[in-house]
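Observations on the three-dimensional arrangement
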Amino acid sequence: MTTMQRELRLSLNQTQRVRLQSALQQLEEMTSLASAITVVADTIPVNHEDSILKGHGTSDLNGEVVATLCGVVERVNKLVYVRAQRARYKPEVGDIIVGRVIEVAPKRWRLEINFSQDAVLMLSSMNLPDGLQRRRTAVDELNMRSIFVENDVICAEVRGFQHDGSLHLQARSQKYGKLERGMLLTVPAYLVKRRKQHFHHLENYGVDLILGSNGFIWVGEHVDMNGENHILADQVSREDMADKSCVGQVTQEVHERITPLEIRTHICRVANSVRVLSALGFNLTVEVIVDTVEASISLNTDIKDILAAEFYVQTAEREVQRRVSLSRKKG
Amino acid sequence: MATNPSTYSPSQSSERKQLQQQRRRLFQETDWTRFDGRGFQQCRPAFLKTGAASAASGSAFAAFGATKVIVSVFGPRESKKAMLYSSTGRLNCNVSYTAFSTSIRGQSSDHKEYSSMLHKALEGAIILETFPKTTVDVFALVVESGGGDLPVIITCASLALADAGIMMYDLVSSVSVSCFGRNIVIDPTSEEEACQDGNLMITCMPARNEVTQVTLTGEWSTAKINEAMELCLDACSKLAEIMRSCLKEAASAPS
């Protein structure tokens with residue numbers, strides 16, 4: 001129960017503890033996880049007559065396969081590897097990630113993405129705000145801070161590895177770029193599985209949800225992708241107008257930029273739902289997150305109480321029910 | 001206060017010396033009970049727990065009797081720019097003491113060498129080739145110093161490294177013994193360390209039967225060293241079992 005103790009210091013009462021334990025036990029039985037847990041230097045039992053491939057987190061000692069990580073042993077055909085629970089994110093080409101800018105360097109930004117090294121986003125591998133395809137000039141380089149500055153949160157795609165092992169990103173689409181007016185959550189990277197869609201617009205709540213493969217999750221106010229350039233142009237023209245005309249228009253503009261309270265509460269609700277799911281160690285898919293949010297609304301749970309003991313236990317029980325019904329459908 | 005101020009003697013320190021000498025005499029005899037009622041070959045009860053610090057990539061807490069240590073591991077993260085390219089990872093260790101770790105406040109600063117000793121003890125166990133260009137930082141904080149600090153720090157650090165998901169050949173466990181005249185005493189407390197004749201610390205990887213560090217100080221005879229080493233290695237492998245069960249317990253979290 002490490003994750004729980006680490007992220008939420010809950011005080012469960014007696015009945016809640018019993019309920020939680022029974023729920024977790026049922027989950028454990030369904031996955032038969034307990035047998036596969038391994039610790040550094042444990043021998044992993046393999047059938048030596050079959051040829052096996054030793055994968056990540058394993059090494060060879062006197063002809064035995066030995067784990068070099070703590071985690072869960074996974075077997076895929078011949079391949080045997082250890083999946084560590086608290087290890088860092090391991091990028092793959094094409095992953096959609098969320099990161100934070102830590103440095104503006106010549107022609108590039110450096111991003112923290114929970115990888116063992118910093119990721120690099122080259123100026124040349126992203127679309128410019130004016131949307132034109134052209135060579136990047138020295139002027140563009142000087143204006144880099146007008147695009148992203150330090151501590152901005154960015155969404156991008158993994159482009160590939162350089163020969164020296166450093167990681168390059170790209171942001172060649174309208175959907176990538178700076179993320180504003182929202183919250184960044186960090187969860188263990190293994191909880192986010194690679195899927196077709198990582199960008200989600202929760203229409204009921206007016207919230208954008210980006211599940212970065214690196215375990216960084218963005219919950220923010222919905223931004224209309226197509227309209228963005230339009231808005232930008234709009235702002236420019238308005239600023240021109242504001243220069244000329246009265247103060248009233250300026251205040252109106254400021255007013256429009258403020259995220260309404262309703263959206264803010266929705267953002268917090270979604271964010272807390274993600275937190276409780278990650279504390280329980282459940283995979284984060286948009287369906288499960290929306291499910292949790294809806295449950296919290298239908299149970300009249302306060303936003304802050306989503307992180308309290310009662311909802312935590314209920315979430316665990318709901319997951320059991322979900323998996324039971326899933327297995328029934330399959331069977 | 002003395003009524004006559006013309007002469008004075010540093011009475012307190014001489015008193016302390018006397019006390020120590022008395023203890024020393026006691027230690028030369030073959031049969032005596034230790035301060036905490038243990039036998040000569042009994043270690044202090046070990047309490048280990050991972051996940052002590054939430055901000056770190058991995059962390060562990062260890063309490064061996066009065067000695068309490070928190071170790072946090074950060075990384076692997078990108079090395080500082082000033083460092084040159086290296087195909088293997090770097091290990092950076094730091095040991096610090098809290099101001100209240102000893103009975104007399106602020107008297108625990110003479111452990112400068114612990115950082116490098118911790119580094120030496122761990123670097124053999126970590127597979128540094130798996131994270132080129134990057135650094136792993138290990139920060140150990142001694143909350144309470146109750147003797148045998150370094151072995152506890154090393155044991156706790158290896159647990160924290162395992163918790164952080166850093167590739168290692170094996171867990172590292174460490175045990176020290178003190179020598180008093182004819183006696184060998186395992187896992188000494190700070191009172192015992194204060195009047196020991198010699199000290200031996202062994203750091204090893206029990207599953208692979210490899211020793212990563214041996215530190216020997218003071219007067220020893222060859223026969224004694226052999227005896228002490230065997231004692232240490234045996235204790236190390238038993239300690240590693242406790243570490244394993246601790247990690248196993250932590251790993252069976254809901255997933």
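Residues numbered from 1 in each chain as written. Chains lettered and ligands numbered in written order. Predicted model: local features only at pLDDT ≥ 70, side-chain atom pairs only at ≥ 80, totals over all residues. Heavy atoms only, no water.

1. A closer look at the interface of chain A and chain B
Each partner contributes residues to the interface: chain A has 36 residues there, and chain B has 37 residues. Counting each side, the surface lost to burial between chain A and chain B is near 3100 Å², with a carbon and sulfur contribution of 51%. Our count for the chain A to chain B interface comes out at three salt bridges. Residues K248 of chain B and D42 of chain A are paired through a salt bridge, measuring 3.4 Å at the closest nitrogen-oxygen approach. (Contact = heavy atoms within 4.5 Å. Buried area = accessible area lost by both parts, 1.4 Å probe. Salt bridge = Lys/Arg side-chain N within 4 Å of Asp/Glu carboxyl O.)

2. Quick look at the sheet that holds strand β5 (residues 71–76) of chain A
All names here are of chain A. What the four strands build is an open sheet, ordered β1-β5-β6-β2; its pairing is mixed. The outermost strands of the open sheet, each flanked by one partner alone, are β1 (37–38) and β2 (53–54). Here β2 runs beside strand β6 (residues 79–84); their pairing, made up of two bridges, is parallel. Residue K54 lies in a different strand from β6, and its bridge partner there is V80. (Pairing = 2+ DSSP bridges. Helix = DSSP H or I, 4+ residues; strand = E, 2+ residues; numbered from the N terminus.)

3. A closer look at the pattern of salt bridges
Under the definition given, this model contains 23 salt bridges over all chains. A salt bridge links E319 of chain A to R323 of chain A; the nearest nitrogen and oxygen atoms lie 2.9 Å apart. On the criterion of helical spacing, the pair formed by E319 of chain A and R323 of chain A is a turn pair, its members being four residues apart in helix α9 (residues 309–330). A salt bridge links K68 of chain B to E144 of chain B; its shortest N-O distance comes to 3.2 Å. Taken as a pair, K68 of chain B in strand β3 (residues 67–78) and E144 of chain B in strand β5 (residues 134–144) lie far apart in primary sequence, 76 residues in all. Taking relative accessible area as the criterion, E144 of chain B reaches 31% and is therefore assigned partly exposed. Where salt bridges share partners, they join D42 of chain A together with D170, R244 and K248 of chain B into one cluster. (Buried < 20%, exposed > 50% of the residue type's maximum accessible area, 1.4 Å probe, protein only.)

4. Quick look at the environment of R208 of chain B
Among the structural elements, R208 of chain B can be located in the loop between β8 (198–205) and β9 (210–218). The exposure class assigned to R208 of chain B is buried, which follows from its relative accessible area of 19%. The spatial distance from the C-alpha of R208 of chain B to the C-alpha of L171 of chain B is 9.6 Å, given a sequence separation of 37 residues. Setting aside residues no more than four positions away along its own chain, R208 of chain B makes contact with L61 of chain A together with Y169 and D170 of chain B.

5. Comments concerning a nonpolar patch on the surface
Residue and element names in this part refer to chain B. Taken together, the side chains of V211, V214 and L233 present a nonpolar region at the surface, about 220 Å² in accessible area. Relative to the assigned elements, V214 resides in strand β9. A residue is classified by how much of its surface remains accessible, and V214, at 42% relative accessible area, is partly exposed. (Patch = residues over 30% accessible without salt bridge, like charges linked within 9 Å, V, L, I, M, F, W, Y side chains within 5 Å. Areas by Shrake-Rupley, 256 points an atom, 1.4 Å probe, with all protein chains shown as cover.)

6. Structural notes on the UniProt feature "domain: Exoribonuclease phosphorolytic" (unreviewed entry) in chain B
Those places that UniProt annotates as "domain: Exoribonuclease phosphorolytic" (unreviewed entry) correspond, in this numbering, to residues 42–166 and 170–231 of chain B. Within the segment residues 170–231 of chain B, helix and strand shares are 24% and 47% respectively, and the terminal C-alpha atoms sit 20 Å apart. (UniProt positions renumbered as here; feature names shortened; annotations may be inferred.)

7. Observations regarding the confidence of the model for chain B
Considering every residue of chain B, the mean pLDDT works out to 84; 84% of them sit at 70 or more. Overall fold confidence (pTM) sits at 0.79, and the ipTM for the predicted complex is 0.74. (pLDDT = per-residue confidence, 0-100.)

8. As for helix α7 (residues 261–280) of chain A
For the α-helix, the turn length of 3.6 residues means that residues three or four positions removed from each other point alike. Here α7 of chain A is 20 residues long and its end C-alpha atoms lie 29 Å apart, about the 28 Å a rise of 1.5 Å per residue gives. In terms of burial, α7 of chain A is a largely internal element, 14 of the 20 residues being buried. (Expected span 1.5 Å × (residues − 1).)

9. Observations regarding the environment of R108 of chain A
Residue and element names in this part refer to chain A. Topologically, R108 is positioned in strand β8 (residues 108–112). The class for R108 is partly exposed, based on a relative accessible area of 28%. Measuring from C-alpha to C-alpha, the distance between R108 and H56 comes to 31 Å, with 52 residues separating the pair along the chain. Residue contacts for R108: discarding those within four places in its chain leaves E103, V120, L121, M122, L123 and M144.

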